[in-house]
Amino acid sequence: MQAGAAKGLVLVTGASSGLGEAFARAYAAQGRNLALVARRADRLEALAAELKQAHGVDSTVIPADLAVWDAHEPILKRVADEGLWIQTLVNNAGFGIPQDYADTEWERQRDFLMTLVTSACGLVHGAVPQMIANRSGAIVNVASMAGLSPGGAGHTLYPAAKAFAIKFSQSLDAELRDKGVKVTAVCPGFTLTEFAEASGTQHLMDKAPRRFWQTAEEVVATTLKANAAGRVVVVPGLHNKFAAAAMRYLPDSWTRAAIARGGAKYRIEKKE
Ligand SMILES: NC(=O)c1ccc[n+]([C@@H]2O[C@H](COP(=O)([O-])OP(=O)(O)OC[C@H]3O[C@@H](n4cnc5c(N)ncnc54)[C@H](OP(=O)(O)O)[C@@H]3O)[C@@H](O)[C@H]2O)c1
């Protein structure tokens, strides 16, 4: 099928909860058709039905485990088989592993990298040619404030994976800006989603001061505006912007000490 003849849609990974669900809702409100990707098919089906009723948009539900090797391939095939193309890609799916690296099984760390890094890269690789051919596209990579901060104990690979999302977005922007594709990495701080519950740290996160939290809708609104304006890295929320500036300009030793103190509150120690 010719790219121009197919219908463009927004593909959101991790659309079954939190930020991904909020991205899906925001794009549906703009009248965009969607492809919804995550493991919990029941949640995706329910969201698709709700968005059809509220906004008249069509959603292709694609249940998938992004931790599987080459998980992006059947997703891309399904979109193409339905005569669709990915005009906007939101790489959002993710989770946290709040323990020290040596205290966890390799399989969990591998699944983390596959989900947050490898599958995201595979989806971009498959989606970009049609975006270029149509001179129209957008890529949103959900990074984190952690991608701007030094690494620390616990959540060991998380800052590295999120820094990867930021650098990857900057490189893609350099390659694609003149080809009609807008790329944005968003760096949220604490956001009210199911993230903490999924990593077993809800009881710890509940202790973080409420003024530092944003809703998923706030983060998504800032991201969509930034992407439309062609901004490559966006930090939503004034308090996060302030923290990002502090991490940039304060001496590295101060920032690492602050991260070590703060990070320790949200880490699960190994039980002896
Ligand atoms: N919440 C925060 O404070 C915060 C801050 C900064 C950045 N972020 C980033 O925001 C993104 C979204 O997280 P969230 O906060 O919205 O958390 P969430 O509510 O737990 O949502 C995570 C999403 O990722 C999906 N997912 C996880 N593992 C997957 C896998 N193996 N295959 C397919 N889908 C998978 C989940 O779907 P299924 O379980 O149905 O598969 C779910 O839809 C993540 O990349 C996270 O790192 C979050």
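In this numbering scheme, every chain counts its residues from 1 along its sequence in written order. Confidence filtering applies because this is a predicted model: local features only for residues at pLDDT of at least 70, side-chain atom pairs given and counted only at 80 or more, and all residues used for totals across whole chains, interfaces and linings. Neither water nor hydrogens contribute to the side-chain values; these are computed over all heavy atoms in the structure.

## Digging into the environment of Ala198
Alright, step 1. Looking at the element boundaries, Ala198 is found in helix α6 (residues 195-198).
Alright, step 2. A C-alpha to C-alpha distance of 24 Å links Ala198 and Pro150, two positions 48 residues apart in sequence. Under the scheme used here, helices are H or I runs from DSSP no shorter than 4 residues and strands are E runs no shorter than 2 residues, and both carry numbers assigned from the N terminus.

## Some remarks on the confidence of the model for the chain
Alright, step 1. Confidence per residue, as judged by the predictor, is encoded in pLDDT with a range of 0 to 100. Scored by pLDDT, the chain has a mean of 94; 97% of the residues are at 70 or more.
Alright, step 2. We call two residues in contact when some of their heavy atoms are within 4.5 Å. Note that pLDDT drops below 50 for residues 1-5; the model gives that stretch 6 contacts with residues more than four away or on any other chain.

## Some details on the pattern of salt bridges
Alright, step 1. Salt bridge, as used here: a side-chain nitrogen of Lys or Arg that lies within 4 Å of a carboxyl oxygen of Asp or Glu. Counting across every chain of the model gives 11 salt bridges.
Alright, step 2. With a shortest N-O distance of 2.7 Å, Lys77 and Asp81 are connected by a salt bridge. Of this pair, Lys77 and Asp81 both sit in helix α3 (residues 72-81), 4 residues apart, which is roughly one turn of that helix. Pair check on accessibility: Lys77 and Asp81 agree, each one exposed. Accessibility here uses a 1.4 Å probe with only protein chains present; expressed as a share of the type maximum, an area under 20% marks a residue as buried, one over 50% as exposed, and anything in between as partly exposed.

## Looking at the side chain of Ser16
Alright, step 1. Turning to its location among the elements, Ser16 is positioned in the loop between β1 (7-13) and α1 (18-29).
Alright, step 2. Side-chain polar atoms of Ser16 contact the side chain of Arg40, separated by 3.4 Å.
Alright, step 3. When residues no more than four places from it in sequence are discounted, the contact partners of Ser16 are Glu21, Ala38, Arg40, Arg43 and Leu44. Whenever a nitrogen or oxygen atom comes within 3.5 Å of another N or O atom, the pair is scored as a polar contact, on the condition that within protein one atom can donate a hydrogen and the other can accept it, and that pairs from neighbouring residues in sequence are kept only if both atoms are in side chains.

## Points about the site of the ligand
Alright, step 1. Note on definitions. A residue lies near a molecule or strand when any single heavy atom of the residue is within 4 Å of it. Neighbouring the ligand are 30 residues, the closest being Ser16, Arg39, Arg40, Tyr158 and Thr193.
Alright, step 2. In this structure, a nitrogen atom belonging to the ligand sits 2.9 Å away from a main-chain N or O atom of Leu66.
Alright, step 3. At a separation of 3.0 Å, an oxygen atom of the ligand approaches a polar backbone atom of Glu194.
Alright, step 4. Per-residue accessibility takes into account occlusion by the displayed protein chains alone, with areas from the Shrake-Rupley method and a 1.4 Å probe. Compared with its free state, where it exposes 880 Å², the ligand has 95% of that area covered by protein.
Alright, step 5. Those elements that place two or more of their residues in the shell around the ligand are α1 and α5 (158-176).

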